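# Coordinate inspection notes
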Amino acid sequence: MARIGSGYDSHRFATDGAGRPLILGGVRLADDGGLAGHSDGDTVLHAVTDAILGALAAGDIGEHFPDDDPRWSGADSSAFVRHAVELAGNRGLAVGNCDVTVLAERPKLGDHKPAMARRIAELLGVAADRVSVKAKTNEQMGFVGRGEGIAAFAAVMLDEPSRGENNDTFA
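The structure reproduced in this document is the subject of the present report. (Residues numbered from 1 in each chain as written. Predicted model: local features only at pLDDT ≥ 70, side-chain atom pairs only at ≥ 80, totals over all residues. Heavy atoms only, no water.)

### What to know about the sheet that holds strand β5 (residues 131-136)
- Reading across from one edge, β1-β6-β4-β5 is the order of the four strands in this open sheet, with mixed pairing throughout. Of all the strands in the sheet, just β1 (3-12) and β5 have a single pairing partner and so form its edges. Mean inter-strand twist for the sheet, computed between neighbouring axes without regard to direction, equals 15°.
- Sheet topology places strand β4 (residues 94-103) next to strand β6 (residues 149-159); nine bridges connect them, and they run antiparallel. Each residue of the ladder has a partner; that of Leu103, found in β6, is Ala151.
- Each of β1, β4 and β6 is contacted by helix α1 (residues 43-56), which is oriented at about 150° to β1, the strand it contacts most. (Pairing = 2+ DSSP bridges. Helix = DSSP H or I, 4+ residues; strand = E, 2+ residues; numbered from the N terminus. Axes fitted to C-alpha atoms, helices over the stretch in contact; angles between N-to-C directions. Contact = heavy atoms within 4.5 Å.)

### Quick word on the packing of aromatic side chains
- Within this structure, the stated rule accounts for four aromatic pairs.
- Aromatic pair Trp72 and Phe80: ring centres 5.9 Å apart, planes at 80°, arrangement edge-to-face.
- Assessed through its relative accessible area of 17%, Trp72 is described here as buried.
- A network of ring pairs unites the aromatic residues Phe65, Trp72 and Phe80 as a single cluster.
- The ring of Phe13 carries Arg106 above its face, with NZ or CZ at 3.9 Å from the centroid. (Phe/Tyr/Trp six-rings, centres within 6.5 Å; stacked < 30°, edge-to-face > 60°. Buried < 20%, exposed > 50% of the residue type's maximum accessible area, 1.4 Å probe, protein only. Lys NZ or Arg CZ within 6 Å of the ring centre and 35° of its normal.)

### Points about the pairing of β6
- With eight of eleven residues buried, β6 lies mostly within the body of the structure.
- One ladder, built from ten bridges, connects β1 with β6; its direction is antiparallel. Note that in β6 the partner of Ile4 across the bridge is Met157.

### Looking at the side chain of Asp9
- Positionally, Asp9 belongs in strand β1.
- For the buried Asp9, which has no salt bridge, the nearest side chain bearing the opposite charge is Arg20, at an N-O separation of 10 Å.
- Looking at Asp9, its side chain comes within polar contact range of the side chain of His11, at 2.9 Å.
- With residues near it in sequence (within four places) discarded, Asp9 still touches Thr43, His46, Ala47, Ile150, Ala151 and Ala152. (Lys, Arg positive; Asp, Glu negative; His and termini not counted. Salt bridge = Lys/Arg side-chain N within 4 Å of Asp/Glu carboxyl O. Polar contact = N/O pair within 3.5 Å; in protein donor to acceptor, adjacent residues only side chain to side chain.)

The structure is reproduced here in structure tokens:
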């Protein structure tokens, strides 16, 4: 039986952004101007993690990786996605596809979307053509529109892999 989950995350730009890398979708986009957060602040991978956890009805990223736990300080957010994928696998489920929308006034993400989609696909264990990454501005409205931060939405479908097939082929 297919299960669908949605995820959302947002982070403001670090006020001491000098030296903090900007990482989105598991891709390092800049060496400074990064997002504030207990981990690496990768709002895209946080939204993907929450989408998987939502499809599993397994809580949210904060329950699995609390921001008051020093183990996750500066952590690479790919570990969060791997954990969620492992939970799905333990229930006999695998990712069928993932759709991500990133809201950002800056930086322009068009050239980075393919790399982000490839990295997310790798983390999810699916073919790259099963991951979509879209980038939108917020038309200068709200905290994203004022350039104060970045937000991301993600949707993930989980399903049982066909017997004898890999995770990117479903019945």
